[in-house]
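Chain and residue survey
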Amino acid sequence: MSFSGNVKEELSRSLSPARHCQIAELAALLSICGSISIDSGNRYRLKIHTENQAVARKVFTLIEKTFNIDADISIRKNMTKKSVVYAVIVRHHVDALRILQAAKLIDEPKRAFDEVRVANPIVVQQTCCRRAFIRGAFLAAGSMSDPAKSYHFEIVCGAEAMAVQIQKLICSFSMDAKIVPRKKSYVVYLKEGSQIVDILNVMEAHVSLMELDNVRILKEMRNTVKRKENCETANINKTVSAAVRQMENITYLRDTIGFEKLPEGLEEVALARLSHPDASLKELGEILSPPVGKSGVNHRLRKLEELAEKVKQEQGGSGL
């Protein structure tokens, strides 16, 4: 199962103890993947459809525990897409009406909806209910990428008003949710790893949160090691380039003016570098007699470089 599937499985098995939170979670599920129909006798029927078995189980449980209503479940297989669609159905008018009124999803009698779009703000007044609503919205139409590959959380909404409402609810927990159009839908999303951790905490998916934290720690360790390796490689390249340049300058001075015209200290360093092209500054200093520190060796090598440049200019830029 994918990481996103694991999160939904975890959320589907938990149930808020407070009835108002149960209603808020169910309101989100109804708002995003629910539909209301009304027949010629003005009787309501309610249907919530999903392709996720765990989500269907959660909807059924919420209806049963919150309202003491036994809903029906239908399963339809799509052989072309090789998918299964689950539908939780409340067929009795009185039961459907009780649920819709409790969730504040109807505001006048005998009004029919093909799709429910936006939840009433009264349902999400309390912080705990906002958590429950976001949880329900994610169960209805949310997904997350594998954190080992990238950080991405999204909830797909059929209406812009629904997306804006979910965005505001997420941002109320100090996160920076964005909205982007995608075909005929609107997607509320988060991208940063720290905010993915926060949203899992808001939805109370604590097991998934710990799993994500473990992945983040491992990725950060790998990135730290990689940065260190890159830094060491850069330093090695820098050292090698400097040694090559030093060898070229010293060879040029030897072949033009000769070492006998160099001060004793510079001549000693030049000979040491030619004899030990791969040695570090510290190692070169230890070869000299008496030994010289790294800064002293570096100073002498710079003097040799300056002298080589001066000789080249005096000789019209000719050199190796």
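Look up: the structure comes first, before these words.
What counts and what doesn't
- Throughout, a residue's number is its position along its own chain's written sequence, starting from 1.
- Totals for whole chains, interfaces and linings use all residues, but because this is a predicted model, local features are given only for residues with pLDDT of at least 70 and pairs of side-chain atoms are given and counted only at 80 or more.
- As a rule here, side-chain values cover all heavy atoms of the structure and leave hydrogens and water aside.
- Stacked, tilted and edge-to-face pairs are distinguished by plane angle, under 30 degrees for stacked and over 60 for edge-to-face with tilted covering the rest, among Phe, Tyr and Trp rings (Trp via its six-membered ring) whose centres lie within 6.5 Å.
- Strands are runs of DSSP state E lasting at least 2 residues, helices are runs of H or I lasting at least 4, and numbering of each runs from the N terminus.
- Whether a residue is buried, partly exposed or exposed follows from its accessible area with a 1.4 Å probe, protein chains only, as a fraction of its type maximum: under 20%, in between, or over 50%, in that order.
- Each ring is checked for a lysine NZ or an arginine CZ that lies within 6 Å of its centre and within 35 degrees of its normal; such an atom marks a charge sitting over the ring.
- The criterion is simple. A nonpolar core is a set of buried Ala, Val, Leu, Ile, Met, Phe, Trp, Tyr and Cys residues joined through side-chain atoms within 4.5 Å.
- By definition, residues are in contact when any of their heavy atoms lie within 4.5 Å.
- Note on pairing: two strands pair once DSSP finds at least 2 bridges between them.
- Axis definition: a line fitted to C-alpha atoms, limited for helices to the stretch in contact. Angles are taken between N-to-C directions and run from 0 to 180 degrees.
- To be clear, the arc concerns the directions from the helix axis to the C-beta atoms.

What about the packing of aromatic side chains?
Ring pairs (aromatic) are described by centroid distance and by the angle formed between their planes. According to the stated counting rule, one finds one aromatic pair in the structure shown. Between Phe138 and Phe153 the ring centres are 5.4 Å apart and the planes differ by 15°, which places this aromatic pair in the stacked class. Of this pair, Phe138 sits in helix H5 (residues 127–141) while Phe153 sits in strand E6 (residues 153–157), and the two are 15 residues apart along the sequence. For the pair shown, Phe138 and Phe153 are each scored as buried. The ring of Phe173 carries Arg130 above its face, with NZ or CZ at 5.5 Å from the centroid. The cationic tip of Lys312 hangs over the ring face of Tyr252; the distance from NZ or CZ to the ring centre is 5.3 Å.

Section: the nonpolar core
By size, the foremost hydrophobic cluster in this structure holds 69 residues, and its most contacted members are Ile63, Phe153 and Ile170. In terms of residues, this core owes the most to one element, helix H2 (residues 19–33), which gives nine residues. When neighbours within four sequence positions are excluded, Ile63 is seen to be in contact with Leu26, Ile48, Asn68, Ile69, Ala71, Val88, Val90 and Ile99. Among the nonpolar cores identified, the runner-up in size contains 19 residues, and Val269, Ala270, Ala272 and Ala308 belong to it.

Description of the sheet that holds strand E4 (residues 83–90)
With antiparallel pairing, four strands are arranged side by side in an open sheet as E1-E2-E4-E3. Only two strands of the sheet have a single neighbouring strand rather than two, namely strand E1 (34–38) and strand E3 (72–78). Pairs of neighbouring strands in the sheet enclose a mean axial angle of 25°, with direction left out of account. As paired strands, E1 and strand E2 (residues 44–50) are joined by five bridges and run antiparallel to one another. Bridge pairing in E2 places Gly34 opposite Ile48. The sheet strands contacting helix H3 (residues 53–67) are E2, E3 and E4, and the helix crosses E4 at an angle near 5°. Taken strand by strand, helix H4 (residues 93–102) contacts E1, E2 and E4, and its axis lies near 65° from that of E2.

Brief notes about H4
Looking only at H4, the buried set comprises Asp95, Ala96, Ile99 and Leu100. Viewed end-on, H4 has its buried residues packed into an arc of 125°, placing them on one side of the element. Along its buried surface, H4 packs onto H2, E1, E2, H3 and E4. At the exit of H4 stands Lys104, carrying a positive phi of roughly 60°.

These figures come from the coordinates and say nothing about function on their own.
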